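Observations on chain architecture
Spelled out, the chains give:
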Amino acid sequence: IWFGEDFTSHARVGQVIAEDDKSVTRQVLKTTAALPITDFDAQWTGHWARSPEDLGLVWRDVTVPLRHGEAAPAWFFPSSAGDSAPWAIHVQGIRTSRVVTLRAVEAAARAGYASLVITYHGAGDGPPAPASHLGLIEWTDLDDAVTYARLQGASAVMV
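Position labels on residues start from 1 in each chain and follow its written sequence. Local features in this predicted model are restricted to residues whose pLDDT is 70 or higher, and side-chain atom pairs enter the listing and the counts only when it is 80 or higher, whereas totals over whole chains, interfaces and linings include all residues. Side-chain calculation: all heavy atoms of the structure are included, whereas hydrogens and water are not.

What about the side chain of D144?
Within the secondary structure, D144 is located in helix 2 (residues 139-151). D144 gets classed as buried once you look at its relative accessible area, which sits at 8%. The contact rule is simple, with two residues in contact once any of their heavy atoms fall within 4.5 Å. Dropping the residues within four chain positions of it, D144 is found in contact with V64, P65, L66 and R67. Going along the chain from the N terminus, every DSSP run of H or I of four or more residues is numbered as a helix, and every run of E of two or more is numbered as a strand. Partly exposed residues are those whose accessible area sits between 20% and 50% of the maximum for their type, while under 20% is buried and over 50% is exposed, using a 1.4 Å probe and protein chains only.

With respect to the pairing of strand 5 (residues 60-65)
Judged from the six bridges that link them, strand 5 and strand 6 (residues 71-77) form a sheet pairing that is antiparallel. In the strand pairing of strand 6, V62 is matched with A74. Linkage of strand 5 to strand 6, two consecutive antiparallel strands, is achieved through a turn of five residues, within which G69 is found at a positive phi near 90°. Two strands pair if DSSP finds at least two bridges between them.

Description of the pairing of strand 3 (residues 24-31)
Bridge count between strand 2 (residues 9-19) and strand 3: six bridges; the pairing is antiparallel. From the neighbouring strand, V13 faces strand 3, where its bridge partner is V28. Between the antiparallel neighbours strand 2 and strand 3 lie four residues.

Some details on a nonpolar patch on the surface
On the surface, V28, L35 and F40 cluster together to form a nonpolar patch covering roughly 220 Å² of accessible area. For L35, the location among the structural elements is in the loop between strand 3 and strand 4 (42-43). Each patch is assembled from residues with relative accessible area greater than 30% and no salt bridge, linking like charges that lie within 9 Å and nonpolar side chains (Val, Leu, Ile, Met, Phe, Trp, Tyr) that lie within 5 Å. Shrake-Rupley sampling with a 1.4 Å probe provides the accessible areas, and residues are treated as covered by the protein chains on show and by no other component. When a carboxyl oxygen of Asp or Glu lies within 4 Å of a side-chain nitrogen of Lys or Arg, that pair is called a salt bridge.

Looking at the sheet that holds strand 8 (residues 114-118)
Taken in spatial order, the five strands line up as 5-6-8-7-9 in an open sheet, and their pairing is mixed. Looking at which strands have only one partner, the edges of the open sheet turn out to be strand 5 and strand 9 (157-158). Direction of pairing for strand 7 (residues 87-90) relative to strand 9: parallel, over a ladder of two bridges. Looking at strand 9, one finds that W87 is bridged to V157. In this description, a line fitted to the C-alpha atoms serves as the axis of each element, helices being fitted only across the stretch in contact, and the angle between N-to-C directions of two axes falls anywhere from 0 to 180 degrees. Its contacts with the sheet place helix 2 against strand 5, strand 7, strand 8 and strand 9, and it is angled at close to 115° to strand 5.

Comments concerning the layout of surface pockets
Within this scheme a cavity is a closed region of a 1 Å grid, computed over the protein atoms alone, that accommodates a 1.4 Å probe without allowing it to escape, whereas a pocket is open but has protein on both sides within 12 Å along at least five of seven lines; lining residues each have an atom within 4 Å of a point. Grid points are joined across faces, edges and corners, and a volume is the space filled by probe spheres set on the points. By volume, the largest pocket amounts to about 340 Å³. In terms of lining, the largest pocket is formed by I1, A11, V13, S23, V24, T25, R26, V28, L35, F40, A42 and W44. For the lining of the largest pocket, the elements supplying multiple residues, two or more each, are strand 2 and strand 3. At four residues, strand 3 tops the list of elements feeding residues into the lining of the largest pocket. Three categories are distinguished: nonpolar for Ala, Val, Leu, Ile, Met, Phe, Trp, Tyr, Cys and Pro, charged for Asp, Glu, Lys and Arg, and polar for the others, with Gly belonging to the last. Of the residues belonging to the lining of the largest pocket, the class tally is nine nonpolar, two polar and one charged.

Here's the deal with the pattern of salt bridges
Under the criterion given, the structure shown has three salt bridges. Taking the shortest distance from any N to any O, the salt bridge between R67 and D143 comes out at 2.6 Å. One end of the pair, R67, is in the loop between strand 5 and strand 6; the other, D143, is in helix 2, with 76 residues separating them in the sequence. Classification of R67 as partly exposed rests on a relative accessible area of 38%. Residue D144 pairs with R67 through a salt bridge whose shortest N-O separation is 2.8 Å. Of this pair, D144 sits in helix 2 while R67 is found in the loop between strand 5 and strand 6, placing the two residues 77 residues apart along the sequence.

Here you go:
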């Protein structure tokens, strides 16, 4: 859940441990700030992790060159299988951020893949764009990420 001022704090919640007609109590697995002890507003989210650090995997910031001279930030998680391992490129949806794709990075790592978590034009921390074009121009950012992966030695690329 997201909670706190402007919903900037994050808590990962687990299984239901108690419930009745009026409430549900869940296990708190990890939180970035103390949870209030009284009722508070929160937003459910599909974001399992708040940032790459939450995964406990080796990672680094990289920059993916784009075809029109711009660049897009990305997170790279190398494979334990080495530099020529296959890569998974994680794709976010409209009106989301690359954070939402982190929930799939651990599974890719267990399967031996390196992971590249990309961003797009107009997607928060990506290059600026006036609005989403519903994939009409954003696909080039993904295509450029595939090219980047191949130039870095990926033996195969899965999107």
